[in-house]
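Reading the structure
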Amino acid sequence: MRVVHYLNQFFGGLGGEEFASAPPEVRDGAVGPGRLLERVLGQDSQVVKTVICGDNFAAENPDVLKEFVLKEVAACKADLFVAGPCFEAGRYGAAAGALCVDVSAEIGIPAVTGMAVENPGVDLYRQKLYIVDSGESVSAMEATLSKMAAIAAKLSVGQEMGAPTDDGYIPRGILRDGFVEKSAAERMVEMLYAKTQGAAFQSELTVTTFPSVPAPPPVIDISKARVAIVTDGGVVPQGNPDNIAHTAATTWGSYDISKKNDLKGEDYEVAHRGYDTRYVRQDPDRMVPVDVMRELESEGVVGKLHDQFISTSGLANPLANSRRLGQEIAQKLKDSGVDAVILTSA
Amino acid sequence: MELTLAIHQVNDLRFGDSTYLDGSTLVVDRESLTNHLLEDPRLQSVDMDIANPGEACRIGVVFDIIEPRIKEPGAGSDYPGILGPIATAGQGTTHVLRGAAVTVVDEAAPLANNKIVEMSGPASEASPYSVLHHLAVVPHTDPNLERHIAQNTLRLASVKTSVFLAKTALDQSPNATEVFQSDGPIQAGRDGLPRVAYIGQIHSRQRVAEVDEQILYGANTAGMVPVMLHPNEWLDGGVVSGYQNMGVETYFYQNHPIINELYRWHREGKLTLVGTIATMAASDNEDRERNCMLASEMAKWNLAADGVVLTKYGGGAPHADMALTARLCEQSGIFTTVQVSDMSRDRQAESALLFNYPEVDAIVYVGGGDTSWDLPAVEKVVAGNPAMTAALEVAQGIPAGGICGVTSQQGISKLRCFVY
């Protein structure tokens, strides 16, 4: 295999933080850890080029670095791209992850890197890459490179990857079923007992932590604001004209209420399978409060109720899908000059 | 409280001229059982058939699966509140036909419900029901009955059949006995052992319980707040499956995998099983917060639990309510483990949980999202009507959740999800 290896200024031998602004350069053959990489990859492999770049330069000029690396990888007809391992170095990890994603997407060859779990590059790229868990200590260089080489070998022949703990990579967050010896009840009691004894236990899933969403600045004068109602409670006109799915909806709809002061049950239905919908079907204002909003409008509490309400079904929706729906709805509202939104949910 | 299960092993099931247990062979007089069931005027006719392990046979759509059981005369009431009078379940002796099952088919349920028992082939290997000898009962109700009355009719037929079969064991000596003994929260002499409880949902209010739906001692749970039960009450007919039964059958209330496992550790002297709490998932916020709060308070202040195991009943709202209950427990100093089902439609771990509570850190994950089977055509189908027979007898693909027991929410499942 012909390999291109990416290193930062430190591992590339330029020097420490004082060389962090060094622009990318290319060397023939292996440099520093690249020699070890060559050895663990085996006799048929050769590091043909090494790209070295300062961490600050990489962080500040990602597009320049990307273009540089893609050109070198293409020019030498590489079969594999390896970056790092980066251990805990955050800027290094972020650059290595980005380059691996770019090289595999645009040139179509396998790319592999290694980092400590705490490295910010992990959260950015774990879903797209095989990132070997390097741990924090640089003394694990050889073990880490060996795991990276094994993963590279599997990727290059299209062999199925094993479990993260078996192959040494950081879980990518992809779910796969498997049958096990012990029933769920046995596993639950075992895990609980370990917790009560203060012993180690392995949860089968860890709670995903999400960045908090910053609150937008407050509406300066609500009495002049255009306010829209948005719901994930699935209220749609009779006949569900946009065919919004009652579960894991992939679409949303926008429905005219400009001439309505009150929503009547006979005009609407509910595309949602996750709650007891009787009361909303009886009176849709309970989910889409047009009646109260009209009162507030006439009292001058709010400026204007937006002419449409927006609806989708918020049941069992994958996050990626929810993010897209949210972005589309927010864009539509912004384009319509809406200043504030009342969100209702089932 | 002490419950003794007198286990009578059944290794063969066949029809005959009278109903009796001959060693491990259960012989059923179809006519007398049919007549017994037809005493319910809501029934017009009853079909029945036998499905043995390994047979090329498929049963569907399943209403419920129950183990044949009967109380020793004088020891209590059979299915109290449904068949027998209200009486505390879980004490005295109950005779069990182990290895046999009453599997009631719902003639009006659509195939979309995917509740199938598969007796052979690869899918059968994943289900705990495929090793049982099933008496499949197909009650045909008066077509003019409202749906909930028809369902109530099926429920009654199921427990009547369970008792009818198990009656054969009354004059026989059992192959084994199993004793379930716990003094509950007042259990003494076990200092230093962790006190462990089970909190299980038995209904989800996303669907309004039918007025005559029988779940807890015959009650439909409407308006109910969480209630404490002795573990034996689950095992002995105090709780049966509601109609939504997604991954829940009465068979695994009677043989509750979690309660059985807690009892095993209890007997081994590793922990003390102090009690259980039955609760409901809610359909509005106040109901949710009230039920979760009360369940966690009972675990803390009535059971003085050090740890609880939690399960849900149904899909998303139950999942979220179970997690909130676990969080409240953890915040009051009780360790928890929860069992979640596979909620992720895009196979991404980030979509797998409907909660974001760092305290709820011990999760058992039942899979199913990417397991399915290509079922072959079968020679024999037990179904509610000719159209369903035609739909079921052909080769077809089916997801894991479509085969009873594979993605069980009662703790029996061995299919789990791994994060890659």
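Bear in mind the structure is a predicted one, so any value in this text is a computation, not a measurement. (Residues numbered from 1 in each chain as written. Chains lettered and ligands numbered in written order. Predicted model: local features only at pLDDT ≥ 70, side-chain atom pairs only at ≥ 80, totals over all residues.)

A word on the overall build of chain A
- If you tally the helices and strands in chain A, you get eleven helices and 14 strands.
- Relative to the 2.2 N^0.38 estimate, which gives 20 Å for 346 residues, the radius of gyration of chain A is 27 Å and therefore markedly larger than a compact globule would have.
- When the backbone C-alpha atoms are referred to their principal axes, chain A occupies close to 75 × 55 × 35 Å.
- Expressed as a percentage of the 346 residues in chain A, the buried residues total 39%.
- When contacts within chain A are restricted to residue pairs at least 6 apart in sequence, long-range pairs at least 24 apart make up 72% of them. (Helix = DSSP H or I, 4+ residues; strand = E, 2+ residues; numbered from the N terminus. Rg over C-alpha atoms; globule rule 2.2 N^0.38 Å. Buried ≥ 20, exposed ≤ 12 C-beta atoms within 10 Å, placed from the backbone. Contact = placed C-beta atoms within 7 Å.)

Quick notes on the overall build of chain B
- Assigned secondary structure in chain B consists of nine helices and 23 strands.
- Against the 2.2 N^0.38 benchmark of 22 Å for 420 residues, chain B shows a C-alpha radius of gyration of 21 Å, consistent with a compact globule.
- If you line up chain B on its principal axes, its C-alpha atoms span 60 × 50 × 40 Å.
- By the burial criterion, 57% of the 420 residues in chain B qualify as buried.
- In chain B, once contacts between residues fewer than 6 apart in sequence are set aside, the share between residues at least 24 apart is 78%.

Observations regarding the sheet that holds strand 21 (residues 380–382) of chain B
Residues and elements named next belong to chain B.
- An order of 11-6-21 is seen for the three strands of this open sheet, with the pairing classed as mixed. Each edge of the open sheet carries a strand with a single partner, namely strand 11 (116–118) and strand 21. Mean inter-strand twist for the sheet, computed between neighbouring axes without regard to direction, equals 15°.
- As judged from the three bridges shared by strand 6 (residues 57–60) and strand 11, these two strands associate in the antiparallel manner. Bridge pairing links arginine 58 to glutamate 118 in strand 11. (Pairing = 2+ DSSP bridges. Axes fitted to C-alpha atoms, helices over the stretch in contact; angles between N-to-C directions.)

Let's talk about the domain arrangement of chain A
- Once the domains are mapped, chain A shows domain 1 (2–167) and domain 2 (222–344).
- Distance between the C-alpha centres of domain 1 of chain A and domain 2 of chain A: 48 Å. (Domains from an automatic or database assignment.)

Examining the sheet that holds strand 12 (residues 133–141) of chain B
Residues and elements named next belong to chain B.
- Taken in spatial order, the four strands make up an open sheet running 5-12-10-7, and their pairing is mixed. The open sheet has two free edges, formed respectively by strand 5 (43–51) and strand 7 (62–66), since each of these has just one partner strand. Shown here is a sheet whose adjacent strand axes are inclined to one another by a mean of 20°, direction ignored.
- One ladder, built from four bridges, connects strand 7 with strand 10 (residues 100–105); its direction is antiparallel. Each residue of the ladder has a partner; that of aspartate 64, found in strand 10, is valine 104.
- Sheet strands touched by helix 1 (residues 30–38): strand 5 and strand 12. Its angle to strand 5, the strand with the most contacts, is close to 145°.
- Helix 3 (residues 147–166) rests against strand 5, strand 7, strand 10 and strand 12 of the sheet, and its axis sits at about 145° to strand 12.

Observations regarding the interface of chain B and chain A
- The partner chain A presents 40 residues to the 59 residues of chain B that form the contact.
- When residues of the side of chain B that touches chain A are traced back to their parent elements, those giving at least two are helix 6 (257–267), strand 17 (307–311), helix 8 (316–331), strand 18 (335–340), strand 19 (363–365) and strand 23 (415–419) of chain B.

Topic: the domain arrangement of chain B
All names here are of chain B.
- Assigned domains of chain B: these are domain 1 (2–177 + 375–392) and domain 2 (181–371).
- The C-alpha centroid of domain 2 is placed 26 Å from the C-alpha centroid of domain 1.
- Each partner contributes residues to the interface: domain 1 has 23 residues there, and domain 2 has 25 residues.
- For the side of domain 1 that touches domain 2, the secondary-structure elements that each account for two or more residues are strand 1 (2–9), strand 7 and helix 3.
- If one sorts the elements of the side of domain 1 that touches domain 2 by residue count, helix 3 sits on top with five residues.
- Tallied by class, residues from the side of domain 1 that touches domain 2 come to ten nonpolar, seven polar and six charged. (Nonpolar A, V, L, I, M, F, W, Y, C, P; charged D, E, K, R; others polar.)

Description of the pairing of strand 1 (residues 2–8) of chain A
Residues and elements named next belong to chain A.
- Taking burial as the measure, the seven residues of strand 1 include six buried ones, the bulk of the element.
- Pairing analysis gives seven bridges linking strand 1 to strand 3 (residues 46–53), with the strands arranged parallel. In the strand pairing of strand 3, asparagine 8 is matched with cysteine 53.
- Inspection of the sheet shows strand 1 paired to strand 4 (residues 80–83) by four bridges, in the parallel sense. Paired with histidine 5 across the two strands is valine 82, which belongs to strand 4.

Let's talk about unusual backbone geometry
- Note that the residue after A:Gly84, namely A:Pro85, is joined by a cis bond; omega there is 15°.
- Turning to its location among the elements, A:Pro85 is positioned in the loop between strand 4 and helix 4 (90–106).
- In the segment running from B:Gly60 into B:Val61, the intervening peptide bond is cis, with an omega of -10°.
- Turning to its location among the elements, B:Val61 is positioned in the loop between strand 6 and strand 7.
- In this structure, B:Ala304 takes a positive phi of about 50° despite not being glycine.
- Tracing the sequence through the fold places B:Ala304 in the loop between helix 7 (285–302) and strand 17.
- Taking the number of C-beta atoms within 10 Å as the measure of exposure, B:Ala304 has 14 and is therefore partly exposed.

Points about helix 8 of chain B
Residue and element names in this part refer to chain B.
- If you check helix 8, its first and last C-alpha atoms are 23 Å apart, about what 16 residues at 1.5 Å a residue would give, namely 22 Å.
- Of all the 16 residues making up helix 8, 13 are buried; the element is thus mostly covered by neighbouring parts of the structure.
- Positive phi appears at glycine 333, one or two residues downstream of helix 8, with a value of about 95°. (Expected span 1.5 Å × (residues − 1).)

A few points about the packing of helix 8 (residues 184–196) of chain A against helix 6 of chain B
- The interhelical angle for the contact between helix 8 of chain A and helix 6 of chain B, taken along N-to-C directions, is 45°, at an axis separation of 9 Å. Taken together, helix 8 of chain A and helix 6 of chain B sit at an angle that is classed as oblique. Helix 6 of chain B is crossed by helix 8 of chain A, and the crossing has right-handed handedness. Where helix 8 of chain A abuts helix 6 of chain B, its residues A:Ala185, A:Glu186, A:Met188, A:Val189 and A:Tyr193 lie against B:Pro257, B:Ile258, B:Glu261, B:Leu262 and B:Trp265.
- Classifying every residue of the contact of helix 8 of chain A with helix 6 of chain B gives eight nonpolar, no polar and two charged. (Parallel < 35°, antiparallel > 145°, perpendicular 65-115°, else oblique. Left-handed = near helix turned anticlockwise from the far one by under 90°.)

Comments concerning the environment of A:Tyr268
All names here are of chain A.
- Of note, tyrosine 268 is situated in strand 11 (residues 268–270).
- Distance in space between the C-alpha atoms of tyrosine 268 and aspartate 335 is 26 Å, their sequence separation being 67 residues.
- Residue contacts for tyrosine 268: discarding those within four places in its chain leaves Val235, Val236, Pro237, Gln238, Leu263 and Pro284.

As for the packing of helix 7 of chain B against helix 8 of chain B
All names here are of chain B.
- Between helix 7 and helix 8, whose axes approach to 9 Å, the crossing angle comes to 40°. What the angle tells us is that helix 7 and helix 8 run oblique. Handedness of the helix 7/helix 8 crossing: right-handed. Contact residues: Arg288, Asn291, Cys292, Met293, Ala295, Ser296 and Ala299 in helix 7; Asp321, Leu324, Thr325, Leu328 and Cys329 in helix 8.

Here's the deal with the nonpolar core
- Of all hydrophobic cores here, the largest spans 137 residues; its most connected members are B:Val105, B:Val137, B:Ala197, B:Ala299 and B:Val308.
- Sorting elements by how many residues they give to this core places helix 3 of chain B first, with eight residues.
- When we break this core down by domain, the ones giving at least three residues each are domain 1 (2–177 + 375–392) and domain 2 (181–371) of chain B.
- In contact with B:Val137, not counting residues within four places along its chain, are B:Val46, B:Met48, B:Val102, B:Val104, B:Val105, B:Ala157 and B:Thr161.
- With 53 residues, the next largest nonpolar core counts A:Cys53, A:Ala58, A:Leu65 and A:Ile131 among its residues. (Core = buried A, V, L, I, M, F, W, Y, C linked by C-beta atoms within 7 Å.)

Digging into the pairing of strand 20 (residues 372–375) of chain B
Residue and element names in this part refer to chain B.
- Here strand 20 shows a buried face lined by Trp373 and Leu375 and an unburied face lined by Ser372 and Asp374.
- For strand 20 and strand 22 (residues 396–399), the ladder comprises four bridges, and the chain directions are antiparallel. Note on strand 22: the bridge partner recorded for aspartate 374 is glycine 397.

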